[in-house]
Amino acid sequence: MLERHLALSVSPFDGETPASIAARLACRNETPPRDLCSDMGLRWPYLCSGHPDQLSLLAEVSGVDLAYLHHWNPEQIGIGRYRIGQMRSTTGVFHRCLTRVCPLCLEEALAQFGRSGAHQLLEWNVLCLKGCERHEVALLELPRAATSHETYDVVTQLGRHQDVLRSAADHAAPHFATDFETYVRGRIRGQVEADWMSGLELGQLHGACLTLGAVLAGDPADSLSKLAPEAEDDYCLEGFNVLSSGPIALENCLEALRGRGVGRRSYLSSDLGLFYSWLQSVDDQPEMQDILDCVHQFATRSYTMTPGKTVLGKAAPEIQRISFETARRQSGLGVALIRRLIAHVDLLSEAEMVALRETTPAQLARAVAFWRGLHNLTTTAQRLNIAPTQVTVMMDLGLIGHIKFGTALRYAYAADVDQLLSQVSELPVLPHLQGFQSLHQFARSQRISVAHLVAQWRSGSLDGIARAADVAGLRGLYVPVGQQVQEAVPACREGNLPLLDAAKRLKISAGSVRSLRNAGYLRGVTERNPETNHLHQLISRTSIAAFEQTYLTLGQLAADVKKAPIHLARQLDRAGVPTLDCGGGRIRVYDRALVGEF
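Heads up: these notes are all about the structure in this document. (Residues numbered from 1 in each chain as written. Predicted model: local features only at pLDDT ≥ 70, side-chain atom pairs only at ≥ 80, totals over all residues. Heavy atoms only, no water.)

## A closer look at unusual backbone geometry
Notably, Leu347 is not glycine yet its phi reads approximately 55 degrees, a positive angle. Tracing the backbone through its elements, the reader meets Leu347 in the loop between α17 (335-345) and α18 (350-355). Residue Leu347 is classed as exposed on the basis of its relative accessible area of 73%. (Helix = DSSP H or I, 4+ residues; strand = E, 2+ residues; numbered from the N terminus. Buried < 20%, exposed > 50% of the residue type's maximum accessible area, 1.4 Å probe, protein only.)

Dropping the structure here:
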């Protein structure tokens, strides 16, 4: 066999690529790399591509250790994928056909070895490493040659651009390695202890750190191509500081990003921005699963989800947060009502209720369950078979528990209504109508409300109550004729008075109050009842007060002098005291100045 070892050989620089060694070897033997390879049984294009058989032949020719050549060879392991030392990478962050050098390293090597000192280190072609670790200056990228194989010939490349190299060495820009760059170099050289990012390829590590750092810095860019190149180092360092601290630090960072949008509802895609969109592009890469799982768990725990929604390629195992719009569709309730129900059930303050931007299925279930235990006035009135106004009186008397949700609307507790109806069902069935009056008839005859009668019945002061078998609710109650009842204490009412309350105050009939109103002595007002949304005709309280300063009704006068109204009316008529003319007739209202002696 022919002796392949060359007498004029070279010693490799630490981290030098096989193609660079071959180019220097050819320079030392004063021949082009392609010719040297042809003479020694190698093929220059295949050597540039790092074919294993070519590396073995190069080891024989140069005397360089084969293991060294394999370690620093940018071996292609797939389409657009390479092994870079102890890491894997893609063409996005590593360009094999590129001449990037440290001008000071080259200046020293050329001064010591001449043209054969021109060399290329593997890590210089890693694009996210911007400087030389030894000299702390920025790397210089030379123009590309006409062909890729010419670019691999680093000796010829540097010879073409020696003026550019010399100028760069004289005016080298400082560049201090960041923790991110130090970590990447350590990974390439196999000098970093294993951590949760050990399985990441260089492109994945760079992409994760860069996009997370950009979001933390508030960069609004929505794609990697729109990021400012001058900010890349800062972004990578910012993202690396979070990711290098482990999953808990990443979750804390994501929580901080979520809480950064004060005053608005949080959205996963907007809060995590470019970091989330980049993760979506790599959610099928197994090396990314640890980071993907961490973000997926945080997202499903912290953000609203709709049934069937996937996050980073995986469905949420259990919906933990839902938007109020989803809650509205699921429950059929309005968003404002849902908020108030949640605030009541979970004992939230008004400020905490206003701050709610989303809810949880469990929270919604509690609110809906509580809502199902309530009835509005209309439903309560229908179940009890009475008028809604009587329901409000029963609420005021404490017969039915009720609640408000920040408005005037009142809702009755269904359990109280059920209990009341259960007590009605336990009453004996009315054997016959003789000697009984219906509850409503009896209330009219006694001039007392149905609600007050029910209150007396439940307190045990109204005996003999029975029910009709074919009439539902309270309308089916019957009271023995002649039953004694207690006088109802009128509730103190603020504001304008309903017709009957005005009549009680003035101690005249409701018809007389209408006549006084129609004649202009009293002023009528129309108000909307916020509980029933109905319009009601009321009597102005101020007009009643003004009326009482001038006039006195027969009932009021009789109460003052403690006489029966009928006897007092005859006495006034005999004395010639005139009643009040209301246009359509006269009513027993007297001028105070004319009844002084009575």
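Now that the structure is up, let's keep going.
## Topic: the side chain of His296
By secondary structure assignment, the location of His296 is in helix α15 (residues 289-302). For His296, a relative accessible area of 5% translates into the label buried.

## Thoughts on the pattern of salt bridges
This model, assessed by the stated rule, comprises 24 salt bridges. Close ionic contact of Lys130 with Asp233 constitutes a salt bridge, the shortest N to O distance being 3.5 Å. Separated by 103 residues along the polypeptide, Lys130 in the loop between α6 (103-113) and β5 (140-141) and Asp233 in helix α12 (residues 232-243) bring together distant segments of the chain. Between Asp396 and Arg410 there is a salt bridge, with the nearest N and O atoms lying 2.8 Å from each other. With Asp396 in helix α21 (residues 388-396) and Arg410 in strand β10 (residues 410-413), the pair connects residues that are 14 residues apart, well separated along the chain. When its relative accessible area of 53% is taken as the criterion, Asp396 is described as exposed. When salt bridges with common partners are traced through the structure, they connect Glu123, Glu133, Arg185 and Arg189 into a single cluster. (Salt bridge = Lys/Arg side-chain N within 4 Å of Asp/Glu carboxyl O.)

## As for the packing of aromatic side chains
Scanning the model with the defined rule gives nine aromatic pairs in all. When the ring of Tyr183 is compared with that of Phe240, the centres are 5.1 Å apart and the planes differ by 45 degrees; the resulting orientation is tilted. With Tyr183 in helix α10 (residues 179-189) and Phe240 in helix α12, this residue pair connects regions lying 57 residues apart in the sequence. A centroid spacing of 5.6 Å and a plane angle of 85 degrees characterise the contact between Tyr521 and Tyr551, whose relative ring orientation is edge-to-face. Residue Tyr521 is located in the loop between α26 (510-519) and β15 (524-528), and its partner Tyr551 is located in strand β17 (residues 551-553); the two are separated by 30 residues in the primary sequence. Classification of Tyr521 by relative accessible area gives partly exposed; the value is 27%. By relative accessible area, which is 18% here, Tyr551 ends up buried. (Phe/Tyr/Trp six-rings, centres within 6.5 Å; stacked < 30°, edge-to-face > 60°.)

## Brief notes about the sheet that holds strand β16 (residues 535-539)
Ordered in space as β14-β16-β15, the three strands form an open sheet in which the pairing is antiparallel. Only two strands of the sheet have a single neighbouring strand rather than two, namely β14 (497-498) and β15. Across five bridges, β15 lies against β16 in antiparallel orientation. Looking at the pairing, Glu527 lines up with His536 of β16. (Pairing = 2+ DSSP bridges.)

## Brief notes about the environment of Trp457
Among the secondary structure elements, Trp457 is positioned in helix α24 (residues 450-459). Contact partners of Trp457, with chain neighbours within four places excluded, come to Leu420, Gln423, Val424, Leu427, Leu462, Ile465 and Leu477. (Contact = heavy atoms within 4.5 Å.)

## Things to note about α10
When you tally the buried positions in α10, you get eight out of eleven residues, the bulk of the element. Taken residue by residue, α10 has Phe180, Glu181, Tyr183, Val184, Arg185, Gly186, Arg187 and Ile188 as its buried positions. The inward-facing, buried residues of α10 contact α5 (66-71), β2 (81-84), β3 (87-90), α11 (202-216) and α12. Positive backbone phi, at 70 degrees, marks Gly190, one or two positions downstream of α10.

## With respect to helix α28 (residues 554-561)
Considered for burial, the residues of α28 that qualify are Leu554, Gly555, Gln556, Leu557 and Ala558. Where α28 is buried, its residues meet α25 (499-506), α27 (541-550), β17, α29 (565-575) and β20 (589-591). Once α28 finishes, Lys562 follows within two positions and takes phi at roughly 60 degrees, a positive value.

## Some details on the nonpolar core
For soluble globular proteins, the rule of thumb is that nonpolar side chains tend to be buried together. Formed by 80 residues in total, the largest nonpolar core has its most connected members in Leu205, Leu243, Leu250, Leu279, Ile291 and Val295. Considering every element that reaches this core, the biggest residue donor is α11, with eight residues. Those residues in contact with Leu279 that sit more than four places away from it in its chain are Met288, Ile291, Leu292, Val295 and Leu312. The next biggest cluster of nonpolar side chains, apart from the first, holds 29 residues, and it includes Val391, Met394, Ile400 and Ile448. (Core = buried A, V, L, I, M, F, W, Y, C linked by side-chain atoms within 4.5 Å.)

## Points about the sheet that holds strand β13 (residues 477-480)
Strands belonging to one sheet form pairs held by backbone hydrogen bonds; the direction of such a pair is parallel or antiparallel. Spatially, three strands are ordered β11-β13-β12 in an open sheet, and the strand pairing comes out antiparallel. The sheet terminates laterally at β11 (436-438) and β12 (466-467), the two strands that pair on one side only. Of the pairings in the sheet, the one linking β11 to β13 comprises three bridges and is antiparallel in character. By the bridge assignment for β13, Ser438 is matched with Tyr478. Set on the sheet, helix α23 (residues 439-446) makes contact with β11 and β13; between it and β11 the angle comes to about 95 degrees. (Axes fitted to C-alpha atoms, helices over the stretch in contact; angles between N-to-C directions.)

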